[in-house]
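Letter by letter, the chains look like this.
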Amino acid sequence: MKTKHVLTADDVKKILAAAEAEALANKWAVSIAVVDDGGHLLGLLRLDGAPAISAHIAPAKAHTAALGRRESKVYEEVINNGRTSFLSVPTIHGMLEGGVPVVVEGETIAAVGVSGVKSNEDAQIARAGIAALGV
């Protein structure tokens, strides 16, 4: 039997706080979502001024990164490179850059998704949140 790392409620708060700090430092109005390895929402923060749709897109990006065990950007690139049939993949909806997995000892244990600014900036915010864990 295997031992599995999981995020605690305090870990989720650390991620959200660090991601929020990164967004605020850059004056970016975004939504930030944290999910577990099954894509289930653990925390969501919508900053003042963030578009309403971002509160739907951020969890979708996180969900995609968690289930795929890779950054959601990978799927965006697959589609942009012509494999549009990938759009039919079941249960995956956030196929845009901005979803980043949380990896501990080689295992994806969670993911962070951000939406509201340019996709590479969304990913920057997600990585800043994950960095707060020191993993």
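Everything numeric here is computed off the predicted structure, so don't read it as measured data.

Turning our eyes to something else, we now look at the overall build of the protein. Counting its regular elements, the protein contains 4 helices and 4 strands. Written out in order from the N terminus, the α and β elements of the protein read α-β-β-α-α-β-β-α. Relative to the globule expectation of 14 Å for 135 residues, the C-alpha radius of gyration of the protein, 14 Å, shows essentially globular dimensions. Principal-axis analysis of the C-alpha atoms gives the protein an extent of 45 × 40 × 20 Å. By residue count, 44% of the 135 residues in the protein fall in the buried class. Long-range pairs, those at least 24 residues apart, make up 62% of the contacts in the protein with a sequence separation of at least 6. By element, 53% of the accessible surface of the protein is carried by carbon and sulfur atoms, the whole surface being about 7200 Å². Of the side chains in the protein, 13 bear a positive and 15 a negative charge, and the two mean positions are spaced by 3 Å.

We now examine the side chain of Ser72. Within the secondary structure, Ser72 is located in the loop between α2 (54-68) and α3 (73-80). Given the relative accessible area of 0%, Ser72 is considered buried. Reaching out from Ser72, the side chain makes a polar contact with the backbone nitrogen of Gly98 at a distance of 3.5 Å.

Let us now look at the environment of His93. Note that His93 resides in the loop between α3 and β3 (99-104). Each C-alpha atom of the pair His93 and Ile57 lies 8.5 Å from the other, and the pair is 36 residues apart in sequence. Apart from the residues within four sequence positions on either side, His93 is in contact with Ala60 and Thr64.

With 22 residues, the main nonpolar core has Leu7, Val30, Ile32, Val34, Val112, Val114 and Ile125 as its most contacted residues. For this core, the secondary structure elements donating two or more residues are α1 (9-25), β1 (31-36), β3, β4 (107-115) and α4 (119-131). By residue number, the principal contributor to this core is α1, which donates 5 residues. Filtering out sequence-adjacent residues up to four positions away, Ile32 remains in contact with Leu16, Ala19, Glu20, Gly43, Leu44, Leu45, Ala58, Val112, Gly113, Val114 and Ile125.

Each value, and the rule that gives it
- Residues numbered from 1 in each chain as written.
- Predicted model: local features only at pLDDT ≥ 70, side-chain atom pairs only at ≥ 80, totals over all residues.
- Heavy atoms only, no water.
- Helix = DSSP H or I, 4+ residues; strand = E, 2+ residues; numbered from the N terminus.
- Rg over C-alpha atoms; globule rule 2.2 N^0.38 Å.
- Buried < 20%, exposed > 50% of the residue type's maximum accessible area, 1.4 Å probe, protein only.
- Contact = heavy atoms within 4.5 Å.
- Areas by Shrake-Rupley, 256 points an atom, 1.4 Å probe, with all protein chains shown as cover.
- Lys, Arg positive; Asp, Glu negative; His and termini not counted.
- Charge placed at Lys NZ, Arg CZ, Asp CG, Glu CD.
- Polar contact = N/O pair within 3.5 Å; in protein donor to acceptor, adjacent residues only side chain to side chain.
- Core = buried A, V, L, I, M, F, W, Y, C linked by side-chain atoms within 4.5 Å.

None of this, on its own, says anything about what the molecule does.
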